[in-house]
Amino acid sequence: MSQPTKVLITGAGGFIGGHMTAALLQQGYQVRAVDIKPQWQWYQRFAAAENLTLDLREKANCYQAANGCEWIYNFAADMGGMGFIENNKALCMLSVLINTHMLVAARDCGATRFFFSSSACVYPGYKQQATENPGLQEEDAYPADPEDGYGWEKLFSERMCRHFREDFGLETRVARFHNVYGPHGTFDGGREKAPAAICRKIIAAKLSGADAIEIWGDGLQTRSFMYIDDCLYGAQAIMQSEIRQPINLGSAEMVSINQLVDIVEEIAGVRLRRRYILDAPKGVRGRSSDNALIRELLGWEPAIPLHQGMEKTYAWIYEQMISGGGKDAVVNHY
Ligand code: NAD
């Protein structure tokens, strides 16, 4: 398969899109990086990329973004951790405008491949009621009962990817990401996810001398977390493969939230009391990724140990918090 000369990355000002922009530039691709946010707010911004600020809910902007790009990684979405998606269901569903208009623009502008970042939130609640989750298999997505709002939008857009491939010949690839974490992502403000939120709380306690942190739920709920480097490798491998069905891209190292806190406390060198907030948003009871399909089709699965990835994540968040924090308002050069 010939490699594309120009790649569009939507959501490039965000966590995964920023890392993918860095990776593809390093690999020698031409990259057009697009996000709705003003560019000083992007987590990573590269002088070597063509950087555009566009609202991709608007169809005309999707044409401008897609024009001349052969491959498209569509990461743009209005999203966040459980606290955001449980309280902003309509906003999450409005990402359907981004996904619909990007698919139409990809088709009309002659893109040859389209990557859609779906989510483990497409899996039904009835498969995730116990902490001892054996791992969600791709076929478990139906009969459908996804996360309200965010999960329904992802499931619908997965389906649209399938029909654009079947009816219009656009080669779409769909990965179901399971909790991705790493540096250069959201760690405060309400959209952050558990690994970053726990790092922030423990660092804040350490810096202020507080002896306790709040945990959402009873801490027994389980998840798996994939480090960003595994996500980047897997997304590219899926994009370049002939895998046409939605496929899990996640870690199978399942831990409870309490175990995740143990890991971060060990990295931080502190031990704190835990105040469990039982009525906080907490999502499903147990979730992990079954990786039989990706092992079979790619001979690979995400394997970076949680402790190792959390050390890097903690170090970056610590640096942000002691230096006044916020985004990297710098242009990186390759
Ligand atoms: P992120 O919020 O850091 O990045 C998403 C980016 O999309 C943001 O920078 C945002 O400004 C941008 N965006 C939102 N609306 C836009 C619009 N109208 N036009 C242009 N850009 C817009 O999130 P992320 O963690 O990097 O996630 C990337 C993708 O992966 C998303 O589709 C998300 O649903 C999916 N996903 C992520 C995770 C995870 O754990 N991070 C898990 C499952 C799925």
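Below, the structure is looked at part by part.

## Remarks on the site of the ligand
Then step 1. Around the ligand, the structure places 26 residues, and the nearest of them are Phe15, Ile16, Asp35, Tyr150 and Val180.
Then step 2. Asp55 places a side-chain nitrogen or oxygen 2.9 Å from a nitrogen atom of the ligand.
Then step 3. Leu56 is positioned with one of its backbone polar atoms (N or O) 2.9 Å from a nitrogen atom of the ligand.
Then step 4. When residues of the shell around the ligand are traced back to their parent elements, those giving at least two are helix 1 (15-26), strand 6 (113-119) and helix 6 (150-168).
Then step 5. If one sorts the elements of the shell around the ligand by residue count, strand 6 sits on top with 3 residues.
Then step 6. Here the residues of the shell around the ligand are counted per class, giving 13 nonpolar, 7 polar and 6 charged.

## Structural notes on helix 8 (residues 228-240)
Then step 1. Compared with an ideal rise of 1.5 Å per residue, which puts 13 residues at 18 Å, helix 8 spans 18 Å between its outermost C-alpha atoms and is within 8% of the ideal.
Then step 2. Helix 8 sits mainly inside the fold: 10 of its 13 residues count as buried.
Then step 3. Turning to helix 8, its buried residues number three or more, namely Ile228, Asp230, Cys231, Leu232, Gly234, Ala235, Gln236, Ala237, Ile238 and Met239.

## Notes on the packing of helix 5 (residues 95-109) against helix 6
Describing two packed helices takes the angle between their axes plus the distance from one axis to the other.
Then step 1. Interhelical geometry of helix 5 versus helix 6 gives an angle of 15 degrees and a closest axis separation of 10 Å. As judged from the angle between their axes, helix 5 and helix 6 are roughly parallel. Of the two possible hands of crossing, helix 5 and helix 6 adopt the one that is right-handed. When helix 5 is examined against helix 6, the residues Ser95, Val96, Asn99, Thr100, Leu103, Val104 and Arg107 are found in contact with a partner set consisting of Glu153, Phe156, Ser157, Met160, Cys161, Phe164 and Phe168.
Then step 2. When grouped by side-chain class, the residues that make up the contact of helix 5 with helix 6 number 8 nonpolar, 4 polar and 2 charged.

## A look at the pairing of strand 2 (residues 30-35)
Two faces, one strand: in a regular strand the side chains alternate between the faces of the sheet.
Then step 1. Summarising burial for strand 2: 5 of the 6 residues are buried, a large majority.
Then step 2. Two elements, strand 1 (residues 6-10) and strand 2, share 5 bridges in a ladder whose sense is parallel. Its bridge partner lying in strand 2, Val7 is registered against Val31.
Then step 3. Handedness of the crossover joining strand 1 and strand 2 through helix 1: right-handed.
Then step 4. Of the pairings in the sheet, the one linking strand 2 to strand 4 (residues 50-53) comprises 4 bridges and is parallel in character.

## Some details on the nonpolar core
Then step 1. Formed by 62 residues in total, the largest nonpolar core has its most connected members in Ile9, Tyr73, Phe115, Phe177 and Leu249.
Then step 2. With 7 residues, helix 1 is the single largest residue contributor to this core.
Then step 3. Within the second largest apolar cluster, 25 residues are counted, among which are Val34, Leu56, Ile72 and Val104.

## Section: the pattern of salt bridges
Then step 1. Considering all chains together, one arrives at 21 salt bridges under this definition.
Then step 2. Across the pair Arg191 and Asp78 runs a salt bridge whose closest N-O atoms are separated by 2.8 Å. Taken together, the residues span a long stretch of sequence, with Arg191 in the loop between strand 8 (180-181) and helix 7 (194-208) and Asp78 in the loop between strand 5 (71-74) and helix 3 (82-85) at a distance of 113 residues.
Then step 3. You can call Arg191 partly exposed: its relative accessible area is 35%.
Then step 4. The partner of Arg244 in a salt bridge is Glu242, with the nearest N and O atoms 3.3 Å apart.
Then step 5. The class for Arg244 is partly exposed, based on a relative accessible area of 37%.
Then step 6. Among the charged side chains, a salt-bridge network with shared partners connects Arg113, Glu171, Arg173, Glu242 and Arg244.

Parameters at a glance
- Residues numbered from 1 in each chain as written.
- Predicted model: local features only at pLDDT ≥ 70, side-chain atom pairs only at ≥ 80, totals over all residues.
- Heavy atoms only, no water.
- Near = heavy atom within 4 Å.
- Polar contact = N/O pair within 3.5 Å; in protein donor to acceptor, adjacent residues only side chain to side chain.
- Helix = DSSP H or I, 4+ residues; strand = E, 2+ residues; numbered from the N terminus.
- Nonpolar A, V, L, I, M, F, W, Y, C, P; charged D, E, K, R; others polar.
- Expected span 1.5 Å × (residues − 1).
- Buried < 20%, exposed > 50% of the residue type's maximum accessible area, 1.4 Å probe, protein only.
- Axes fitted to C-alpha atoms, helices over the stretch in contact; angles between N-to-C directions.
- Parallel < 35°, antiparallel > 145°, perpendicular 65-115°, else oblique.
- Left-handed = near helix turned anticlockwise from the far one by under 90°.
- Contact = heavy atoms within 4.5 Å.
- Pairing = 2+ DSSP bridges.
- Right-handed = clockwise from strand over helix to strand, strands pointing away.
- Core = buried A, V, L, I, M, F, W, Y, C linked by side-chain atoms within 4.5 Å.
- Salt bridge = Lys/Arg side-chain N within 4 Å of Asp/Glu carboxyl O.

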